[in-house]
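Remarks on the overall topology
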Amino acid sequence: MTTSISRYNTAPLPMRVRVLRSFATPGGAIYLLLAALLIALILYNPGLAAPDQLMRFIGRTAPVAIVAAGQYFVIVSGELDLSMAAVIAAQVVLAGNLIGQNAARILPVVLLMIGLGAAVGLVNGVITTLLKVPSFIATLGTSLAISGLTFYATGGAPSGNPVNSFRAIGRDGFENVPILGFLPYSVVVLMALVVLAAWLMRKPFGRTLIAAGDNPVATSLSGASVWWLRTRAFILSSLASTVAAVLLVGYAGVSPVVGDGYDFAAITAVVLGGVALSGGRGWLMSAVAAAFALEVLFSLLSFVGVASTWRPAVQGAIILVALGAPLIRWRRRAFSASPGIPVASPAPSPGEEVSA
Amino acid sequence: MTTSVPATAAGPKKGKKVHQIGSKTTTFGVAAIVILALSGCAPGSNTAGAAQPDSGTPTANSWFDQTQFDLENAERTATFTGDPSTPYLQYIEGEMVDPAPFKADGPKKVCFSNAALSNTWRQTGWITMNQQLKVLQGQGIISGMETRNAQDSDDTQVADIDYFIKENNCDAFIIAPNSPQATAPAVQRACDTGKPVIIFDRGAGTDCETVFVHSVGGMAWGIDSATFVADNVAKGGRVIALRTAPGVDVFEQRWAAAQHIFDKAGLKVTDYITGADPTKIKSTITDEIAKGDIDAVWVDLADQAVPAVESFEDAGKDIPIVTGEDSLAYLRAWQDKGFKGFASVYSAFQWRTALLATAMLFEGKPIPKDWVLPQVPVTKDDLDAVVAANKGMPDGHYSSFGGENLPGFPTVWQNRTMP
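These figures come from a predicted structure and were not determined experimentally. (Residues numbered from 1 in each chain as written. Chains lettered and ligands numbered in written order. Predicted model: local features only at pLDDT ≥ 70, side-chain atom pairs only at ≥ 80, totals over all residues.)

Points about the overall build of chain A
- When helices and strands are counted, chain A shows 15 helices and 2 strands.
- By the burial criterion, 51% of the 356 residues in chain A qualify as buried.
- A separation threshold of at least 6 residues defines the contact pool for chain A, and within that pool the share at least 24 residues apart is 77%. (Helix = DSSP H or I, 4+ residues; strand = E, 2+ residues; numbered from the N terminus. Buried ≥ 20, exposed ≤ 12 C-beta atoms within 10 Å, placed from the backbone. Contact = placed C-beta atoms within 7 Å.)

What follows is the structure, encoded as structure tokens:
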């Protein structure tokens, strides 16, 4: 606010200032929201302050956080992936039906799932980028096709849970870990994937992906292959859904409704994390933090004791407020700041009134 | 989101500004959200760690119908006519249908409008029904069965029934309604053809049908398992009720009856609607475990029970009472883990009875107009025998499938390939 001058100052601001300022952006404010929600949850449920309970809680939010990270790649590149829930459901059913009680089948089936995930992403990407079908239609289409195939293959209900050794990855963890006490495997998977994703975003791939979401024409003219960047984002998204499916089979077991609402949750998390839906702006870690914050919020609702028939409405309202309130503020400022680069506008001109 | 150039080209300008001009208002906005999240949705002022204030809405459930409750409560323990070894042919004495108008020479074609095959109970019944069909075809009573699956949609089912009527080569209609009220007009049109109309499972919202085949009912289902909970939990005990979906009569009737019994027994019940999503069930139960000891978990559907049991295992707690249904997944978990269980039953063999009722009309045999089949819950005493009798069956199988004396037993049910 004080420094529209800083446009002309090329030296980066001190770290402290940058961090503080970032809290006033949607991508930074989510950490404050998360901290506040966590404190509230721990007040309602003091047991959660114990490290092993907290780890279990993070463990159960790992699938949705991973899905949010996958969706982040697609959204930041300027597209949208609505096929995640269908991919998760299909993979969950696949794992249940193909592995069954035969532990020897785990590896081949997991490889098949990864191959299938990559293939779905590739199809989504190619239809969107090369055939120029808007991504929300294209991914909705693949989502329907996948659900249809799952329905056809299972007749609507899968046969049962796969062998327990396969489910361990989503259900068990390292016992007797120093300080933490218990470390679920799913937390380890989440950490590894987040580090991998963060690394990818700092590589030329990540940088040009954001550029492609910001301005595809300029990115294309600079020599990058926009269609291949976006297609890879779709592949990463489907692979993230696949990993989430593996964790969910472990955590919850096989059911055709596993994965329901995950694409909505992922998109909500990414937007709540301050990532622009039009692409080109936003932080990966904020999207992951937002996914976690949403889960904390839902858990908080059950501790506060909202009646079951009201809970979905309350969840929806809170999400709308959380998404809407900051956006209103930002838009207004974006508008009022739009006419030129005033040093410090003393009073709004009549023209500004009209434009706002 | 789209690749349209002008839109994205306009984006970055706005974006840059946003980053530069941070302000307290945003942080204020976020704080407001948090306050809203914490206070706005809390009914009453509820401090940390306090007991939950909501125990549903006692006795204000619009689905509760005392007459129906009393009727099903009586029928649960009624005397059934017929051989107990063939429960799918047993019935409660009452008005009989005169079969004379429907008596036929030679094999006849049956048209079946099915609400859905979207759960394991329906799939199990569907397999049994198809094996029964083969027998009746072999006997030359039924020539074939044309089936349309409405996939849980009222609209589709109405269209399916009208299709059958228009096709005009059905000698009988079997209808498993998706929702009673919505399909009533279509069922009425089927009745108007003068052909026999056999309704089974959920009601049809009319009484024009020739016969309505069903086991005792959803309220009896709820009464059975809720009574077990009430008998085994002291007054004031903490019960978690897992409900599948609001507004679906099957589940609402089970819940309405159970809620009535819990209220009378003075139990503290918190109910959740989970969509039978195991992820939600586990999160819900895990949070409830953190709030304090749970005396019982009551469920309205088999699929909800096993995830609930696993939540206690994962939290390292003893498994309390967890009720369920006669699906093998639940029965096996109950046997393996040795907790206190109880399996309500909604008899899957009624799928077979619907077809048999049709055949009996063609043969000119009288059948009860309201054909109430027995539904006998599985208790601790029967558990080992029931699990042993269903050895080799998949987890999605139901012990009340009623196909033990049909051809293809047991392999057809073991392979569980949808016909």
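Topic: the domain arrangement of chain B
Residue and element names in this part refer to chain B.
- The domain architecture assigned to chain B consists of domain 1 (86–216 + 347–375 + 394–415) and domain 2 (218–344).
- Here domain 1 and domain 2 have C-alpha centroids that lie 31 Å from each other.
- Opposite the 13 residues of domain 1 that make contact, domain 2 presents 8 residues.
- The residue makeup of the side of domain 1 that touches domain 2, split by class, is 4 nonpolar, 7 polar and 2 charged. (Domains from an automatic or database assignment. Nonpolar A, V, L, I, M, F, W, Y, C, P; charged D, E, K, R; others polar.)

A short note on the pairing of strand β10 (residues 321–325) of chain B
All names here are of chain B.
- The element β10 is largely enclosed, with a buried count of 5 among its 5 residues.
- Here β10 shows two buried faces, one formed by Ile321, Thr323 and Glu325 and the other by Val322 and Gly324.
- By the bridge criterion, 2 bridges tie strand β9 (residues 296–299) to β10 in an arrangement that is parallel. Bridge pairing links Val297 to Val322 in β10.
- Traced from β9 through helix α10 (residues 302–314) to β10, the parallel crossover comes out right-handed.
- Pairing geometry for β10 and strand β11 (residues 341–344), over 4 bridges, is parallel. Bridge pairing links Glu325 to Ser344 in β11.
- A crossover links β10 with its parallel partner β11, the connecting element being helix α11 (residues 328–337), and its sense is right-handed. (Pairing = 2+ DSSP bridges. Right-handed = clockwise from strand over helix to strand, strands pointing away.)

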